[in-house]
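Survey of secondary and tertiary structure
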Amino acid sequence: MLGIEFITLKNKSARSLFLGNPNIIIRNGVIDRKLLKKNKLDINQVLSLLRQNNVFSVREVKYGILEANGQLSILLKSKYQKPEKQDFNLPESPVDLPTSLIIDGEILWDNLHEHGFDKQWLHNKLTANGYENEKRILYADWRESEGIHISPK
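Residues numbered from 1 in each chain as written. Predicted model: local features only at pLDDT ≥ 70, side-chain atom pairs only at ≥ 80, totals over all residues. Heavy atoms only, no water.

What follows covers the nonpolar core. Counting residues in hydrophobic clusters, the biggest one holds 14 residues, and the most contacted among them are Leu101, Ile102 and Leu122. When residues of this core are traced back to their parent elements, those giving at least two are strand 5 (99-103), helix 6 (119-128), strand 7 (137-143) and strand 8 (147-152). Leave out the neighbours within four places in its chain, and Leu101 touches Glu106, Ile107, Leu108, Asn111, Leu112, Trp121, Leu122, Ala140, Asp141, Trp142 and Ile148. In terms of nonpolar packing, the next biggest core, distinct from the first, is built from 13 residues, Ile26, Leu35, Leu50 and Val55 among them. (Core = buried A, V, L, I, M, F, W, Y, C linked by side-chain atoms within 4.5 Å. Buried < 20%, exposed > 50% of the residue type's maximum accessible area, 1.4 Å probe, protein only. Helix = DSSP H or I, 4+ residues; strand = E, 2+ residues; numbered from the N terminus. Contact = heavy atoms within 4.5 Å.)

On to the pairing of strand 5, then. Taken across its five residues, strand 5 has four buried, putting it largely inside the fold. As judged from the four bridges shared by strand 5 and strand 7, these two strands associate in the antiparallel manner. Residue pairing in the sheet places Ile102 in a bridge with Ala140 of strand 7. Across two bridges, the pairing between strand 5 and strand 6 (residues 106-107) is antiparallel. Pairing of Ile102 across the sheet is with Ile107, part of strand 6. Connecting the antiparallel pair strand 5 and strand 6 is a turn made up of two residues, with Asp104 showing a positive phi of about 50°. (Pairing = 2+ DSSP bridges.)

Under the definition given, this model contains five salt bridges. With a closest N to O distance of 3.8 Å, Asp104 and Lys153 form a salt bridge. In this pair, Asp104 is assigned in the loop between strand 5 and strand 6 and Lys153 in the segment after strand 8, connecting sequence segments 49 residues apart. We classify Asp104 as partly exposed; its relative accessible area is 47%. Across the pair Arg143 and Glu146 runs a salt bridge whose closest N-O atoms are separated by 3.4 Å. (Salt bridge = Lys/Arg side-chain N within 4 Å of Asp/Glu carboxyl O.)

With that out of the way, let us pick up the sheet that holds strand 4 (residues 72-76). Judged by pairing direction, the sheet is antiparallel, and its four strands sit side by side in the order 2-1-3-4 without closing on themselves. A single partner strand is all that each edge strand has here, and the edge strands are strand 2 (30-31) and strand 4. The pairing of strand 3 (residues 61-66) with strand 4 spans five bridges and is classified as antiparallel. When the bridges of strand 4 are listed, Leu66 appears paired with Leu72. Most of the contacts of helix 4 (residues 43-52) go to strand 4, to which it runs at about 65°, and overall it touches strand 1 (23-27), strand 2, strand 3 and strand 4. (Axes fitted to C-alpha atoms, helices over the stretch in contact; angles between N-to-C directions.)

Next up on the list: the side chain of Ser100. Considering the arrangement of structural elements, one finds Ser100 in strand 5. Look at Ser100 and you get buried, because its relative accessible area is 19%. Within the structure, the side chain of Ser100 is placed 3.2 Å from the side chain of Tyr139, a separation counted as a polar contact. Setting aside its immediate chain neighbours within four residues, Ser100 contacts Leu108, Asn111, Tyr139, Ala140 and Asp141. (Polar contact = N/O pair within 3.5 Å; in protein donor to acceptor, adjacent residues only side chain to side chain.)

Listed below in structure tokens is the structure:
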């Protein structure tokens, strides 16, 4: 295995022999039957790969590339692409990482103190959400923009 890894890193033709090359099997909604045969795929397998990528019709696909690892990479036609936030010229909203505060009924003191919170603050948040103590909580996290989230046991 290590020998093959080394050879494929150093030699481009060996790489394509051992690992394969990507093939464009769908262009503008049309499936290339010759490439399907070459890659030993049938239409049902291609349709299944499309559905796994949340595409339910070949007509939506501009390019469908069968990767060397057997996955299908898809570029949708523009009218089928989901709009992104930048398409609407919306301002960026801050992104923050949630911090675990309680896991399986145990308070994570380091995480609590990292945000400048103490036991009284946590107790107030728990009672405001209907919990007397942390023992009844499976998981709780804190996100600056959304506050505390609690999953009971």
